[in-house]
Amino acid sequence: MDISVVVPLYNEAESLPELAQWIERVMKENNFSYEVLMINDGSTDNSWEVIQQLHQDNPNIKGVCFRRNYGKSPALNTGFERVKGDVVITMDADLQDSPDEIPHLYKMIMDEGYDLVSGWKKKRYDPKTKTIPTKLFNATARKVSGIHNLHDFNCGLKAYRLEVVKHIEVYGDMHRYIPYLAKNAGYTKIGERVVQHQARKYGVTKFGLDRFVNGYLDLLTLWFQTKFGKKPMHFFGLIGSLMFFFGLLAVMVVGGIKLYHLSVGTPAILVTQSPYFYLSLVCMILGVQLFLCGFLGELIIRHSADRNEYEISEEIKGE
């Protein structure tokens, strides 16, 4: 099979028939063998009934229905588990992503050798309240991930080599950082293509401004897991040790000042009346706690079932 199209959706019943016809036309014009997986993320409208009808009209259209709304990442991960096409295309169901881009994305994967190609909606039909935070968000993501050639990490229109989606796990809200996940899995040939962005035709957006706050927190989590996920002591142990020794040094300074005044017979306040004494104790206590966090993290990693699992691209074995 040439192409698998994964479409996560939530309350998009109005747009699904038009999207299905559009995808079918593009596939027939280019003689692609294909499948379309529509992942109904607990819609409260009649989206599932529409998907069932579309399947009857076109067996290439398949569907999965969640019992409740889980989010875009679980929907994509469920689709990735089921796809069979050589190239996997993801797109939103709101008709803002154009299926006419599919042949170009397919060519970049199959002919140009990319592992992942992300769309870039260079010209957007969104309000400034959405576009400006998006630019700031993408700038931060480029800096943290090290993928400097991507301008739109969260574009729903992406293309993947099949093995890429089989070797990454999309969870939580990590769909925003699939290129980062792919890079961490060893798939570093990541490209970008300017794609057409269309104004929403039906319904309303399902995302609010809180996604930008959550997006930064998820990025921080992913960065930490990437850098210290297998070696938590390198983070917690280092910071904990520095805080403990800083607090210990400060306590010694406070005590030394007290002894000095006693030795020369000058008046001095009680050690317990000095605010620096308590700040020193807090640093020492926090240092010990952070060090123990790193130690416990190392114990958990050591007993983890996947502690020695690594991605192997090729192997040569002797007889």
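Each value, and the rule that gives it
- Residues numbered from 1 in each chain as written.
- Predicted model: local features only at pLDDT ≥ 70, side-chain atom pairs only at ≥ 80, totals over all residues.
- Heavy atoms only, no water.
- pLDDT = per-residue confidence, 0-100.
- Helix = DSSP H or I, 4+ residues; strand = E, 2+ residues; numbered from the N terminus.
- Core = buried A, V, L, I, M, F, W, Y, C linked by side-chain atoms within 4.5 Å.
- Buried < 20%, exposed > 50% of the residue type's maximum accessible area, 1.4 Å probe, protein only.
- Contact = heavy atoms within 4.5 Å.
- Pairing = 2+ DSSP bridges.
- Right-handed = clockwise from strand over helix to strand, strands pointing away.
- Polar contact = N/O pair within 3.5 Å; in protein donor to acceptor, adjacent residues only side chain to side chain.

Averaged over every residue, the pLDDT of the chain is 87; residues scoring 70 or more account for 88%. Least confident of the elements in the chain is helix α8 (residues 210-228), whose mean pLDDT is 76; most confident is strand β4 (residues 87-90), at 97.

Residues I3, V5, M38, I89 and M91 are the most contacted members of the largest nonpolar core, which totals 35 residues. At 7 residues, the largest contribution of residues to this core is made by helix α1 (residues 16-29). In contact with M91, other than residues within four places in its own chain, are V5, V6, V7, P8, L19, I23, D97, S98, P99, I102, G156 and L157. Counting residues in each nonpolar core, the second largest holds 32 residues, with F66, L150, I178 and I190 among its members.

Where burial is concerned, most of strand β1 (residues 3-9) is hidden: 7 out of the 7 residues are buried. Judged by which residues are buried, β1 turns out to be covered on both faces: I3, V5, V7 and L9 on one side and S4, V6 and P8 on the other are all buried. Note that β1 and strand β2 (residues 34-40) share 7 bridges and pair parallel. Bridging from a neighbouring strand, S4 pairs with E35 of β2. With α1 bridging β1 and its parallel neighbour β2, the resulting β-α-β unit is right-handed. In this sheet, β4 lies alongside β1 in parallel orientation, the contact comprising 4 bridges. Bridging across to β4, V6 finds its partner in T90.

Another point: the environment of N40. Here N40 lies in strand β2. As for N40 and F66, which are separated by 26 residues in sequence, their C-alpha atoms are 6.1 Å apart. Side-chain polar atoms of N40 contact the side chain of S43, separated by 2.5 Å.

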